[in-house]
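Summary of structural features
Residues per chain, in single letters:
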Amino acid sequence: MPPMTLPAKQAAALHECFISLGSNIDPDYYFAQALEIISRECVLLARSAAIRTAPVGYQQQPDFLNAALLVSTPLEREAFRAYLKGVEDRLGRVRGAIKSGPRTMDLDIVAWDGQVVDNGYYQHDYVKTPIDEVLASSGRTLEAQKS
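All of these numbers come straight from a predicted model, not from anything done at the bench.

Note that L91 resides in the loop between helix 3 (77-90) and strand 5 (106-112). Here L91 falls in the buried class, since its relative accessible area comes to 6%. C-alpha of L91 to C-alpha of Y30: the two residues are 61 residues apart in sequence and 7.0 Å apart in space. Residues in contact with L91, not counting those within four places in the same chain, are Y30, Q33, A34, I37, T104 and M105.

Side chains of residues three or four places apart in an α-helix project in the same direction, reflecting 3.6 residues per turn. For helix 3, built from 14 residues, the straight-helix expectation of 20 Å at 1.5 Å per residue is met to within 8% by its first-to-last C-alpha distance of 20 Å. Buried within helix 3 we find F80, Y83, L84, K85, V87 and E88. Residues of helix 3 that are buried in the fold lie against strand 1 (15-23), helix 2 (27-41), strand 4 (64-73) and strand 5. Just downstream of helix 3 lies G92, where phi reads positive at about 80 degrees.

Let us now look at the state of the cysteines. Across all of its chains, the model carries zero disulfides by this definition. Cysteine C17 is unpaired, with the sulfur of C42 as its nearest cysteine sulfur at 8.5 Å. Given the relative accessible area of 0%, C17 is considered buried.

What counts and what doesn't
- Residues numbered from 1 in each chain as written.
- Predicted model: local features only at pLDDT ≥ 70, side-chain atom pairs only at ≥ 80, totals over all residues.
- Heavy atoms only, no water.
- Helix = DSSP H or I, 4+ residues; strand = E, 2+ residues; numbered from the N terminus.
- Buried < 20%, exposed > 50% of the residue type's maximum accessible area, 1.4 Å probe, protein only.
- Contact = heavy atoms within 4.5 Å.
- Expected span 1.5 Å × (residues − 1).
- Disulfide = S-S within 2.5 Å.

Here it is as structure tokens:
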């Protein structure tokens, strides 16, 4: 797991990542668990408040709790993505036949080193609203996704 403090030489290699969180299976519990894990294993720089949203796609499921985090990590993007999928697994995520179905936790990279890498930021308020809150509170800005 990524260390909390790094020698100065390694600190220069840190990446900043905006993460979108979503849960609709016991969301208060799984949000607390995800925040505890990520705060312990990454450097948490900022977080949004959680918002309740209606499901998108498959409708026969409970509403979601969504939020965003800004973290720094020494991992490269694909390694960090794999790390987040591992956190989902540790939190009991089951990937079923319905891609937009219920989940204990969904963790997605929305922006990496100041650049949007997930079009969900532009397409879904449940992603954009929490990310924009973190942008405002952290003083960060984002560049559009490169084509």
